[in-house]
Every structure is written in C-alpha cells, then in structure tokens.
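Structural features, examined
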Amino acid sequence: MNKTIDKEKQYCAQNYLPLPVVIVRGRGIHVWDDQGRRYIDMMSAYSAVSHGHLHPRLVSAMHTQLTQLAVVSRAFHSDKLAPFLEKACELMGMERGLPMNTGAEAVETAIKAARKWAYTVKGVELNKAEIIACEGNFHGRTIAIVGLSSEKQYRDGFGPFPPGLKRVRYNDPAALEEAITPNTAAFIVEPIQGENGIVVPDRGYLQRCAEICKKHNVLLLCDEIQTGLGRTGAMLACNHDNVIPDGLILGKALGGGLLPVSLFLSKRELMDVFEPGDHGSTFGGNPLACVVGLEALNVLVEKQLPKQAADLGEYFMARLKDLPHPFIKEIRGRGLLIGMEIDPNYFTARQVCEALLTKNILSKETHDTVVRFAPPLVITKAEIDTAIDSIESALNSLT
Ligand SMILES: *Cc1c(COP(=O)(O)O)cnc(C)c1O
C-alpha cells in the first residue's frame, strides 16, 4: 500500500472515496502521480480547473499580486475588487456582484438575497418566503442547501433543515408553475445537472422557466457554478436558451484552478436588498482572489475557450459515441461536460474509472452509473484523440 494514502486514511475525515492515486504535480491538461506517471485530467477538479493546471497567465497574475497585497477584508476598499466585478458583470449581463469564496457560500448568498427581496420588494409576509429547487439538484453542502437536496445520502443524519424549501421535477416547466404560490421568492436551477449525472434538459426548458418566473414575479436563480464560464460551449449555459436570469451564481473555474473564488451576480434591484452588515465573508473579494478571477475571465475571452469547448465537445462526444461497447448505455452532455452512462448489469461507474486510471485517464464516477469527462477547456483535438485511445483500451480491458 501507498504510505501517503495510509496516512491520509489515518488523519483525514473519510468524507470522500478517492481513487488510489497520489497527485503531486500538474500542468495544463496533465497531472503526475508520486511514481512519476502522467495522466490526462478528465475531471478538472469538478470543472474548477477549466483553464488547465497552473495556467501561466494566471500564475503570473497571482505572483505579481503576491508582491503587493493578498488579504485585507472588506473593512477597507481595495483597488482590485471593482475591476473584477465590472468585468464579470459586463460579460454576464449583470449589474452588481457579491464576492464569496466557495460555490456553496454564493448559493447561500443568492438564497438570502431572494428571501430578503421577497419581504422587502415583493411583499411576502415575514418568514413565509419559499424557495423552489429541482429534484436531483446539487447546490453544495451547507445545512440549508442539503435541505434543498433530494439525495438521501446528502440529507440523512443532517436535519433538521430550514423551512420554506420545496422541490419540483427537473425539466418540467408545468411542475414549476404548479408549485409557485404567492409566497414563492425564487426558483433555483442548474441549466444542466452536473453532479446528478450530466442531465441535459430539453431545449427551451430554461426559457419556459424564465417566462413562468416572470409571470408570477418569482426570481430565476441560475446555479452556473459548474456549467458556467465556457464549460458547455457558451460563456453561460443559460446563453444556449437565450435566458438572462435574475441572479447568477458562479464559482469553480472563476478561481482559475488556483483559488476558491465565487460570485453572486444580479440586477441592481435584487442586490440592493443587502445593506451594510446584512451579509459578509472575511475572505470574499480579497485582492488575490480578485486578480485571479479577473485574469481567469480575460483568458476565457481572449482564448475563446467557450467556442473551443463547443467545437471539441462535439468532436469528443462523437468519438465516444463511436465506441462499440454494449455496456455504454448513453453518451450525453454539452460542450466539454460529458457523461457516459454505464449499464449497471455489467459494471459500476467506479469500476470503469478504476480501469481508466490504469490507462492514465483521470475521471470520477458521479452516482453509481455515470462516468464524467470534463477535461480542461484548453485541451486540443490531438489530445482528445490520445485520450480516446486510452479510454478505448481501458474499456477493452474490462470486457
Ligand atoms: C460544485 C457545485 C456547487 C458547490 O460548490 P463548492 O465550491 O463545492 O461549495 C454548487 N453548485 C453546483 C452546480 C456545483 O457544481
């Protein structure tokens, strides 16, 4: 057994079940283990590493800032916050941003904003506001957010949960409309459900939800922590449906694979429910994070990574669909967010991931049946061909 893994098992909380590999170095689409073996990273840290590992421009921006200032808290102004928020708002069609660190914190921020908006703008009776989410959602791991989850394992043993949280079927606009009451503050939705197994709703679903929300004066909050920033072949997955939500949640790739950086973005009317002292985060919006976040956005735009994801995603998906294995039930996804559904009568997704590992491909199962392929968006066509060869030989080794 590996000593590093043994020690981690001794000291670390066992809240994950990592594949048996110790990563010590990364560069671009590749990582290396403690034996010097090189892998293609098809996980990208759940899409946090869309720019690739240690992108030189991001590392350089971070280094430069590290000679100036890293953390001051928002007790004071810093010169880096406004330029970052200005760029994020411009690119996403929003007016204001509230900086946090992790995705879950930004989701909590969105829910707090929606509740206060319901009381102060919509006129919902105090403490009666409702938030509607979808079956199969993943919005993070805080108490309130797992209270929104339909996943037994995420909830069991962690209750009681806050009231005012409801769920409706995903990809079912009629179910949303039925669930809305005069007390509904917001509908929170992922344009594609990532953790639920890359579940892609019908074209026009989000558009219908947006119309329903508008009709009933309900906020549409899009959680694009995983689907945003080019991953699905557009800057935002909402863009595929021509939807601009009332509130937008970004994280993961916003930190350029270097730091936790998240944002809640919205129109002015919604964000302005927050007054000084209502909400905060010690590290949220620190200069180091802002510099990295701004450069992450600049690289996405200048290198046209959303378009890269659209083109290469289509190619990658077509190549995967050509693989002739009877245990592949479905290949689905959008851009470079791709799921391979495994028939559980043959193998678990975990077994497939373990086979991929032996052929130098890093991936991770989501639930028992789906293998996720979400490489850094900087991957090239030739590298996808190499990956396909390895994936093929891994799948062959299973049969
Ligand atoms: C990862 C993820 C989150 C949670 O982000 P953390 O940084 O892990 O808190 C929330 N929503 C979606 C859609 C995600 O993929």
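Residues numbered from 1 in each chain as written. Predicted model: local features only at pLDDT ≥ 70, side-chain atom pairs only at ≥ 80, totals over all residues. Heavy atoms only, no water.

Restricting attention to buried positions, one finds in helix H9 (residues 205–215) the residues Tyr205, Leu206, Cys209, Ala210, Ile212 and Cys213. For H9, the arc enclosing every buried residue in end-on projection is 165 degrees, short of the 170-degree limit, so these residues lie on one face. Looking at H9, the residues exposed on the side facing more than 90 degrees away from the buried face are Lys214 and Lys215. Its buried side turned inward, H9 meets strand S5 (130–134), helix H8 (173–179), strand S7 (184–189) and strand S8 (219–223). Phi turns positive one or two residues past the end of H9, at Asn217, with a value near 55 degrees. (Buried < 20%, exposed > 50% of the residue type's maximum accessible area, 1.4 Å probe, protein only. Helix = DSSP H or I, 4+ residues; strand = E, 2+ residues; numbered from the N terminus. Arc of directions from axis to C-beta. Contact = heavy atoms within 4.5 Å.)

So, on to the site of the ligand. The ligand sits among Thr102, Gly103, Ala104, Phe138, His139, Gly140, Glu190, Asp223, Ile225, Gln226 and Lys252. In this structure, a nitrogen atom belonging to the ligand sits 2.6 Å away from a side-chain N or O atom of Asp223. Separating an oxygen atom of the ligand from a side-chain N or O atom of Lys252 is a distance of 2.6 Å. Coverage of the ligand by the protein chains reaches 81% of its 380 Å² of free accessible surface. The residue inventory of the shell around the ligand, partitioned by class, reads three nonpolar, five polar and three charged. (Near = heavy atom within 4 Å. Polar contact = N/O pair within 3.5 Å; in protein donor to acceptor, adjacent residues only side chain to side chain. Areas by Shrake-Rupley, 256 points an atom, 1.4 Å probe, with all protein chains shown as cover. Nonpolar A, V, L, I, M, F, W, Y, C, P; charged D, E, K, R; others polar.)

Quick look at the domain arrangement of the protein chain now. The domain architecture assigned to the protein chain consists of domain 1 (3–53 + 305–398) and domain 2 (56–302). Relative to domain 2, the C-alpha centre of domain 1 lies at a distance of 26 Å. Around 2,300 Å² of area is buried between domain 1 and domain 2 when both sides are counted, 57% of it from carbon and sulfur atoms. It is His51, Arg334 and Leu337 that lose the most area in domain 1 upon contact with domain 2, and together they represent 32% of the buried surface on that side. Run the count over domain 1 and domain 2 and you get one salt bridge. (Domains from an automatic or database assignment. Buried area = accessible area lost by both parts, 1.4 Å probe. Salt bridge = Lys/Arg side-chain N within 4 Å of Asp/Glu carboxyl O.)

Attention shifts here to the sheet that holds S5. If you walk across this open sheet you meet the seven strands as S4-S10-S9-S8-S7-S5-S6, and the pairing is mixed. Edge positions in the open sheet fall to strand S4 (96–100) and strand S6 (165–168), since each of these has one partner strand only. In this sheet, neighbouring strand axes are inclined to one another by 20 degrees on average, regardless of whether the strands run parallel or antiparallel. Bridging between S5 and S6 involves four bridges; their strand directions are parallel. By the bridge assignment, Cys134 is partnered in S6 with Val168. Helix-sheet contacts for helix H5 (residues 103–122) involve S4, S5, S6, S7, S8, strand S9 (247–250) and strand S10 (262–266), and the interaxial angle to S10 is about 25 degrees. Its contacts with the sheet place H9 against S5, S7 and S8, and it is angled at close to 170 degrees to S7. (Pairing = 2+ DSSP bridges. Axes fitted to C-alpha atoms, helices over the stretch in contact; angles between N-to-C directions.)

Another aspect to go through is the sheet that holds strand S15 (residues 370–373). Sheets are built from strands paired through backbone hydrogen bonds, the pairs being either parallel or antiparallel. Spatially, S11-S12-S15-S14 is the arrangement adopted by the four strands of the open sheet, whose pairing is antiparallel. Edge positions in the open sheet fall to strand S11 (328–334) and strand S14 (365–366), since each of these has one partner strand only. Sheet topology places strand S12 (residues 337–342) next to S15; four bridges connect them, and they run antiparallel. Residue pairing for S15: Met340 is matched across the bridge by Val371. Across the sheet, helix H13 (residues 349–358) touches S12, S14 and S15, and the angle it forms with S15 is around 40 degrees.

Right, let's get into the packing of helix H12 (residues 305–321) against helix H14 (residues 381–398). Packed helix pairs are specified by the crossing angle of their axes together with the interaxial distance, meaning the distance between the axes. Two elements in contact, H12 and H14, have axes whose closest approach is 11 Å; the angle formed by their N-to-C orientations is 25 degrees. Relative to H14, the element H12 is oriented roughly parallel. For the pair H12 and H14, the crossing hand works out as right-handed. Contact residues: H12 offers Leu312, Tyr315, Phe316, Arg319 and Leu320, while H14 offers Lys381, Ile384, Asp385, Ile388 and Ile391. Split into classes, the residues belonging to the contact of H12 with H14 amount to seven nonpolar, no polar and three charged. (Parallel < 35°, antiparallel > 145°, perpendicular 65-115°, else oblique. Left-handed = near helix turned anticlockwise from the far one by under 90°.)

This brings us to the packing of H13 against H14. It is at 8 Å that the axes of H13 and H14 come closest, and there the two elements cross at 120 degrees. Considering their axes alone, H13 and H14 lie oblique with respect to each other. Judged by the twist between their axes, the crossing of H13 over H14 is right-handed. Each of Gln351, Val352, Ala355 and Leu356 in H13 lies in contact with H14, whose residues at this interface are Ile391, Ala394, Leu395, Ser397 and Leu398. Split by residue class, the contact of H13 with H14 holds seven nonpolar, two polar and no charged.

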